[in-house]
Amino acid sequence: MSVLFDRIAIVGIGLIGSSFARGLKLKNLAREIAIHDASADAMRDAKELGLGHHYCASAGEAVANADLVVLAVPLGAYADLAPMVAANLKKGATLSDVGSVKQAVIRDLGPSLPEGVHFIPGHPLAGTEHSGPKSGFAELFHGRWCVLTPPPGTDEGAIARLKALWIGLGSQVEIMAAGHHDQVLAITSHLPHLIAYTIVDTATFLEDETKQEVIKFSATGFRDFTRIAASDPIMWRDIFLNNREAVLEMLGRFTEDLTALQRAIRWGEGEKLQEVFTRTRAIRRGIIDAKQA
């Protein structure tokens, strides 16, 4: 791949930010990478790993003269970062991010941005339960979707350039309205995480003897739930607070469906259970066929 941006600034160098930096270097997509993280430990690790070319003491220093700025911090930090980032963006720069809720990003960043800056929120649908700079790897985005949610009127050339960058990192790219993104992710990502956190939390309040047996005899289902529930608690706190309407809507639908299954089990309605399980197995096969498993 050829260089797409002269200077890219990454604010936040956890799992996603460090994987992004690794991918940029591996594919030679940027001449310079500037990095800032509020954590001194994260900055130390980033330097030791050689993830960038410049390690900056502030977000403002990192974004100065950058052609592309990517925020990879928890959603709750966006509002405080916005003035500092906006004040240092050069004309013609593109501002993007990797957050899991897009309407909140537009709400917290959009009003601060100066004229001449291309604002293209983004969300790579990739991750693991691990966090921190050492957890990143360049192949994280391979074969995964990256959703871009540019507001109406965004420069088409800037969108095409950012899209080319994510394709260069191995992603498939979809352009989507921010509100629609938040609805889709509420059911495909946010609600599953909420369920996983709840099931694992329920297990923590069992009697000690039973709880130890749950851990000892964890079968595939519970083991997979614990993997999901091991994700960054600060990140997920911010996701649920910033996408509350869509999550609550999907949670309401899920609760109704769960109640229907509960009734089917109570009354021995085997055909109803088999019908649901058959229908959901087909969804799983579709995910495998789409190479998203």
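What you see is a predicted model; the values in this text were computed from it and never measured.

Each value, and the rule that gives it
- Residues numbered from 1 in each chain as written.
- Predicted model: local features only at pLDDT ≥ 70, side-chain atom pairs only at ≥ 80, totals over all residues.
- Heavy atoms only, no water.
- Helix = DSSP H or I, 4+ residues; strand = E, 2+ residues; numbered from the N terminus.
- Rg over C-alpha atoms; globule rule 2.2 N^0.38 Å.
- Buried < 20%, exposed > 50% of the residue type's maximum accessible area, 1.4 Å probe, protein only.
- Pairing = 2+ DSSP bridges.
- Contact = heavy atoms within 4.5 Å.
- Axes fitted to C-alpha atoms, helices over the stretch in contact; angles between N-to-C directions.
- Expected span 1.5 Å × (residues − 1).
- Patch = residues over 30% accessible without salt bridge, like charges linked within 9 Å, V, L, I, M, F, W, Y side chains within 5 Å.
- Areas by Shrake-Rupley, 256 points an atom, 1.4 Å probe, with all protein chains shown as cover.
- Salt bridge = Lys/Arg side-chain N within 4 Å of Asp/Glu carboxyl O.
- Lys, Arg positive; Asp, Glu negative; His and termini not counted.
- Charge placed at Lys NZ, Arg CZ, Asp CG, Glu CD.
- Right-handed = clockwise from strand over helix to strand, strands pointing away.

## With respect to the overall build of the protein chain
For step 1, the next point in the chain: Scanning the protein chain for helices and strands turns up 12 helices and 9 strands.
For step 2, the next point in the chain: For the protein chain, whose C-alpha radius of gyration is 21 Å, the value lies close to the compact-globule estimate of 19 Å for 293 residues.
For step 3, the next point in the chain: In terms of principal-axis extent, the alpha carbons of the protein chain reach across some 65 × 40 × 35 Å.
For step 4, the next point in the chain: Considering the protein chain as a whole, with its 293 residues, one finds that 41% of them fall into the buried category.

## A short note on the sheet that holds strand β2 (residues 30-36)
Sheets are built from strands paired through backbone hydrogen bonds, the pairs being either parallel or antiparallel.
For step 1, the next point in the chain: Read across the sheet, 6 strands follow the order β3-β2-β1-β4-β5-β6 without closing on themselves; strand pairing throughout is parallel. At either end of the open sheet lies a strand with only one pairing partner, and these are β3 (54-55) and β6 (118-119).
For step 2, the next point in the chain: Running at roughly 165° to strand β1 (residues 5-11), helix α1 (residues 15-27) makes contact with β1, β2 and β4 (68-71) of the sheet.

## Quick word on helix α7 (residues 178-204)
For step 1, the next point in the chain: Over its 27 residues, α7 runs 36 Å from end to end, which matches the ideal 39 Å to within 8%, given 1.5 Å per residue.
For step 2, the next point in the chain: Among the residues of α7, those classed as buried are A178, H181, D182, L185, A186, S189, H190, L191, H193, A196 and A203.

## Concerning a negative patch on the surface
For step 1, the next point in the chain: A contiguous patch of negative charge, built from E207, D208, E209 and E213, is present on the exposed surface.
For step 2, the next point in the chain: The residue E209 is located in helix α8 (residues 208-216) in this model.

## Observations regarding the pairing of strand β5 (residues 94-97)
For step 1, the next point in the chain: Here β5 shows no split at all, with T94 and S96 on one side and L95 and D97 on the other all buried.
For step 2, the next point in the chain: Alignment of β4 against β5, held across 4 bridges, turns out to be parallel. Paired with V69 across the strands is L95, a residue of β5.
For step 3, the next point in the chain: The β-α-β motif built from β4, the intervening helix α4 (residues 78-88) and the parallel element β5 has right-handed crossover chirality.
For step 4, the next point in the chain: With 2 bridges joining them, β5 and β6 adopt parallel strand pairing. Bridge pairing in β6 links T94 to H118.

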